[in-house]
Amino acid sequence: LSDVPYVEHPAAVVSMLKSWGYNDKEDAVTLAVAWGHDLLEDTAIGEGRVLAVIGNDEIARRVIEGMRILTFRPTVGASDPDYGRQKADYLAFVARNASAEILPVKMADRICNTYDFYRCEELERARAYLSYADDVFARIGEMQYANHIQETLAECRRLIYKSTITERLSGFIRRAGGLIGIGAKDKREL
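Being a predicted model, the structure only gives us computed values, none of them experimental.

Procedures and definitions
- Residues numbered from 1 in each chain as written.
- Predicted model: local features only at pLDDT ≥ 70, side-chain atom pairs only at ≥ 80, totals over all residues.
- Heavy atoms only, no water.
- Core = buried A, V, L, I, M, F, W, Y, C linked by side-chain atoms within 4.5 Å.
- Buried < 20%, exposed > 50% of the residue type's maximum accessible area, 1.4 Å probe, protein only.
- Helix = DSSP H or I, 4+ residues; strand = E, 2+ residues; numbered from the N terminus.
- Contact = heavy atoms within 4.5 Å.
- Expected span 1.5 Å × (residues − 1).
- Disulfide = S-S within 2.5 Å.

Some thoughts on the nonpolar core
1) Next: Leu17, Trp20, Met107 and Ile111 are the most contacted members of the largest nonpolar core, which totals 47 residues.
2) Next: Contributing elements (two or more residues each) for this core: helix H1 (8-20), helix H2 (28-36), helix H5 (58-69), helix H6 (83-97), helix H7 (103-119), helix H8 (123-131), helix H9 (134-137) and helix H10 (146-161).
3) Next: It is H7 that provides the largest number of residues to this core, a total of eight residues.
4) Next: Setting aside chain neighbours within four positions, we find isoleucine 111 in contact with Met16, Trp20, Leu130, Phe137, Thr152, Leu153 and Cys156.

What follows is the structure, given as structure tokens:
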């Protein structure tokens, strides 16, 4: 959506997780997955290279597994009609299979991306993007910092569902036209 350096997005996800209470000592796997959650999906960096950097112990394997679960691999391009179904299936898979250690990363990722769409004035896309992950957010109650996550999600929803001036004016004109009997042609002239 912009010329912001790629690393800014994972940094924002990590920052959001930390604002919820996740910390380097107790939540190292969650934060490591947050740093790398898009590597397998959006770059040429493969699992082997990640393991070469972070090692191959139990923690590293949990990090790679989290990255795998959060990686969307569609078989069609974004303009294909089947892309939306594949994305919905992927999010349902994440909701079913991500552990409480990994799922908060997807929650923070969705919220951060929604804010990005909103900042780029893509309000409808922001609303749709967030709502596609309802299954993921349905599991907030299972999360360690559920209250903080719920507060952030509620704040995000308030922001993107708040009516814009254009939306309010359009609704006013529709309602006023109906009350005073203005036809469609007359409304266009308003």
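After presenting the structure, the write-up continues.
Examining H6
1) Next: Taking 1.5 Å per residue as the helical rise, H6 with its 15 residues ought to reach 21 Å, and the 21 Å between its terminal C-alpha atoms agrees with that figure.
2) Next: Residues of H6 that are buried include every one of Gln86, Lys87, Tyr90, Leu91, Ala92, Val94 and Ala95, and no others.
3) Next: The inward-facing, buried residues of H6 abut H5, H7 and H9.

Details of the state of the cysteines
Chemically, a disulfide is nothing more than a covalent bond linking the sulfur atoms of two cysteines.
1) Next: In the structure shown here, the tally under the stated rule is zero disulfides.
2) Next: Left unpaired, cysteine 112 is separated from the closest cysteine sulfur, that of cysteine 156, by 9.0 Å.

Overview of the side chain of threonine 71
1) Next: Among the secondary structure elements, threonine 71 is positioned in the loop between H5 and H6.
2) Next: Given a relative accessible area of 7%, threonine 71 falls into the buried group.
3) Next: Residues contacting threonine 71, with those up to four places away along its chain left out, are His37, Leu40, Glu41 and Tyr90.

Notes on the side chain of lysine 106
1) Next: Assignment of secondary structure puts lysine 106 in helix H7.
2) Next: Ignoring sequence-local partners within four residues, the contact set of lysine 106 consists of Leu70, Tyr90, Leu91, Val94 and Val136.

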